[in-house]
Structures are given as C-alpha cells and as structure tokens.
Number of protein chains: 2
Amino acid sequence: MTTRTDALTRREQILKEAARLFAERGFHGVGVDEIGAAVGISGPGLYRHFPGKDAMLAELLVGISGRLLTGAKRRLAEADPAAGPGVVLDSLIEGHIDFALDDRPLITLHDRELDRLRDSDRKLVRQLQRQYVELWVGVLCEVYPDVAEPSARSAVHSVFGLLNSTPHLGRPGSLPGRGVTAGLLHRMARGAFGAVAAE
Amino acid sequence: MTTRTDALTRREQILKEAARLFAERGFHGVGVDEIGAAVGISGPGLYRHFPGKDAMLAELLVGISGRLLTGAKRRLAEADPAAGPGVVLDSLIEGHIDFALDDRPLITLHDRELDRLRDSDRKLVRQLQRQYVELWVGVLCEVYPDVAEPSARSAVHSVFGLLNSTPHLGRPGSLPGRGVTAGLLHRMARGAFGAVAAE
DNA sequence: CCTTCAGGTTAACGACCGCTAACCTCCCTG
DNA sequence: CAGGGAGGTTAGCGGTCGTTAACCTGAAGG
C-alpha cells in the first residue's frame, strides 16, 4: 500500500515535481538542486530516495508506459463482447484522453526523453510501448477490416500525436472545460481513423 | 544568393548537422565538439561561423517558423478564389505534410526546444507560430462556418500533432513510400477536421 | 613578394553539475 | 534510556561543457 488517503509520500512528491521540471526544461536542463528545492529539501537529499537522477526518469517512463498498457488491457478485457469492436476502440480512445489530460507532463516526457535512459530501461519502455501500439492496431483492424496492418500502425501513431497534443492546447484554465475538450479530441480521433479506410 | 548548385556552404552543413543532433539527443545533450566533428572540424572552429551554440538553435527555429508561415501565406495568395475554401485547406495540409516528411529533425526541434532560446528569439518564434496557427484557423472557419473559433484553434493544434507524428512513423525506408504516407496523413487530417463540426 | 584574412588548430579557463563524504537530528523501539 | 536507522544538512571532488586566447596556414591581391 503505497498511497493512503490524499497525502503523497516524499518519494511521490519528488517524482511529480521531477516530471514537471523535466517536461518544462528537459532532462539535461534540470539540476538535482532544482528538483530538491521543488519539494523543500536541498540537492543531495534526493539520494536518500533514488540512486541517481537517471533513476527518477527511468521510474517515470516505465511507470507511464506500464500504466497505459495495463489500462488498455483492462479495458479490452472488460469490454462487452456483444457490443462490437467500435465500442472497444472508443474505450481505448477515452482512456488515452484521460491520461493525456490528467498527466500532461508525463505525456511530454513519454516521447521526448526516452533516449536518456540506460539501455535496459529503454528496451523495457520500448517493449511496453510496442505492446500498447499493437493492442490498438489489433482493435483498429477489427473495426476496419479493409485497412492493412502497416497503414493501421501508422494511423495509430498519428492519432497518438493528435491526442498527445494536449500540452499545446493552452493552460487548463483557458480550455473550454475538460469534458468539452475530451469530446473534441475523441471525435477528431474517430474521424481520423474513419478516414484511413477511404482510399 | 546563399546556396548555389547542390553544394552546401560550411555554415549550412553546420546547421543541418546541428539540427539532426539536437533532435536526436536534445539541445543540452549535444556538445559543440560533437557538432564540429559532424562537419569535419573540431570544437571551437564553429565560433568562426556562429557567435555561440544558442545562435545555432535560434537560427534553426526562426528559420522553421518563418518558412512555414511564408509558405502558407503563399499558398493562400495563390489559391483560386473560385475554388472554394476546401481547396485552400487541402493546400495548407499538403504544404505542412511536405515539411513534416522532408525536415523531420526540424519538426522535432520545433516544439521541443523552444524554451532554450533567449527571450527575444523565443518571442519572435512564438509570434511566427501564432500567425501560422491563426492563418489555419481562419481557413478552417471558412470551410466549417458552424465551428467556433476556440474549437477551431484546438483542432488546428491537434492536427499539427497528428501531422508532426512523422518522426514516430519509423525510418524513411520502412515507410510504404512517401506518396502513400502523405496521402494517409492528408486523409486523416481531413477526417479529423470534418469530425470537429459534428457536435 | 609581402600582406591580409578567412577558417582552422590546441590549450586552457571558469562555471556548472552529478554525486559522495561526513556529519547532524529526530523518532521509534527494545 | 540507550541506540540505531530514516532523512536531512553542507563541503567538496571530478568531470564536462561553452567559450576565449593565442597561434597557424593557405589562398587572394596589390
């Protein structure tokens, strides 16, 4: 039991602030002193919780990829088999949008700082990402049986680009409301997928 | 007359290699010695061509934003007024796809390293980017008069995310051919825009 | 033939950064 | 009430990085 009520452990505080700082200024652009200052301790105190700066990034990226994948697997398993593949695709889109709207710094890190990882961690993250993509590709090919797999894969990557554009959509305050934005993104993703088949 | 035939000046060589390296490992992740080595000279020799490392990034980002904007303005001006706004939108999409496919490192830098710029340069780039976005928003609102401006702006940013996903689409060799990829992206962008109106 | 200058070179400086060492201070527990 | 570990602190080391200084060279031009 890591998290109890609403109180974040020091370790979770560090991860959250590190994610924000890494997203804002890049992994190499943030010093450990800044990360420490963001949680109220100073510099080397971080080494009581993490073996090094790299380990924070690794835990963030592995965590993101893992949560995306397990969430998608759960949605796939919980889907009503009689409802048809379109409903499953909608569920995947909804889950990804929730993540993109709630964890914007992590979305930014996700495809930006992967190359700063140690080889073993990078391979793990890439494997999780690939499984996630292939899961989408499988569902997409069920919804649109006429679409070839390579086209489906490209389409999935492109729609991820669309959904992950949330960091560019302005501050959460200036958005027209979370539900409205989510709906807009959902319709656009569906529209983009629907246009793949029309060749 | 900067470029003559096909020979790149030393200055252009440096910019090209710097763009590639910055895109691969991030601005802070690349040293001046590496940039120099990539063009066959060593380290501080770069300072005969640029006042500093920052200046290379600044010239790259200002160049990208400027070329995108002027290209879009040209397409808007050259469009046949009788052809209708849909054709203009297609022309904008086509231009952006050409850029995304031909200058993938610059696409990566475009929205990743903006914050590493000096204040004045960053303001200039942001202004160029904003003009580019507003130009798209204007055309989009002509094609879909029922779409409100804020929704149109969000939609444009999201479609940029979709079109700029080309760096994630695998190496140019593994793609099914430039024309096919361009067509796929174009249809998806159109499909995404078309789905905005259906609320 | 001498000068000039564009475009290189290497050496080195100063700042910064990740990390370690050494030490301190509560709080929990037998 | 000892004592030990969790979680801090500051000082400082070693390496890297951007930048400058000083010097070299080959080609153009009067």
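Residues numbered from 1 in each chain as written. Chains lettered and ligands numbered in written order. Predicted model: local features only at pLDDT ≥ 70, side-chain atom pairs only at ≥ 80, totals over all residues. Heavy atoms only, no water.

Chemist: Mind laying out the side chain of S165(A), listing which residues take part and the relevant values?
Modeler: Structurally, the position occupied by S165(A) is in the loop between α7 (149-163) and α8 (178-197). A distance of 3.2 Å separates a polar atom in the side chain of S165(A) from a polar atom in the side chain of S158(B). Among residues more than four places away in sequence, those in contact with S165(A) are H157(B), S158(B) and G161(B). (Helix = DSSP H or I, 4+ residues; strand = E, 2+ residues; numbered from the N terminus. Polar contact = N/O pair within 3.5 Å; in protein donor to acceptor, adjacent residues only side chain to side chain. Contact = heavy atoms within 4.5 Å.)

Chemist: Can you explain helix α4 (residues 85-102) of chain A? Please cite residues and give values.
Modeler: In a regular helix each residue adds 1.5 Å, so 18 residues correspond to 26 Å; α4(A) covers 26 Å between its end C-alpha atoms and thus fits that length. Those residues of α4(A) that fall on the buried side of the exposure criterion are G86(A), V88(A), L89(A), S91(A), L92(A), I93(A), G95(A), H96(A), I97(A), F99(A), A100(A) and L101(A). (Expected span 1.5 Å × (residues − 1). Buried < 20%, exposed > 50% of the residue type's maximum accessible area, 1.4 Å probe, protein only.)

Chemist: Go over the environment of R178(B), please, and point to the residues and values.
Modeler: Residues and elements named next belong to chain B. Turning to its location among the elements, R178 is positioned in helix α8 (residues 178-197). Since its relative accessible area comes to 39%, R178 is described here as partly exposed. Taking the C-alpha atoms as reference, R178 lies 7.9 Å from L101; in sequence the two are 77 residues apart. Setting aside anything within four residues of it in sequence, one finds R178 in contact with D98, L101 and D102.

Chemist: Describe the protein's contact with DNA strand D, and please don't skip the residues or the numbers.
Modeler: Near DNA strand D there are 15 residues, and of these R10(A), R48(A), H49(A), Y47(B) and K53(B) occur at the shortest range. Here the atoms of DNA strand D within 4 Å of the protein split so that 50% fall in sugar or phosphate, with bases taking the remainder. At 2.7 Å, a side-chain N or O of R10(A) approaches a phosphate oxygen of DNA strand D. Measuring from a phosphate oxygen of DNA strand D, one finds a side-chain N or O atom of Y47(B) at 2.4 Å. Residue composition of the surface near DNA strand D, grouped by class: six nonpolar, five polar and four charged. (Near = heavy atom within 4 Å. Nonpolar A, V, L, I, M, F, W, Y, C, P; charged D, E, K, R; others polar.)

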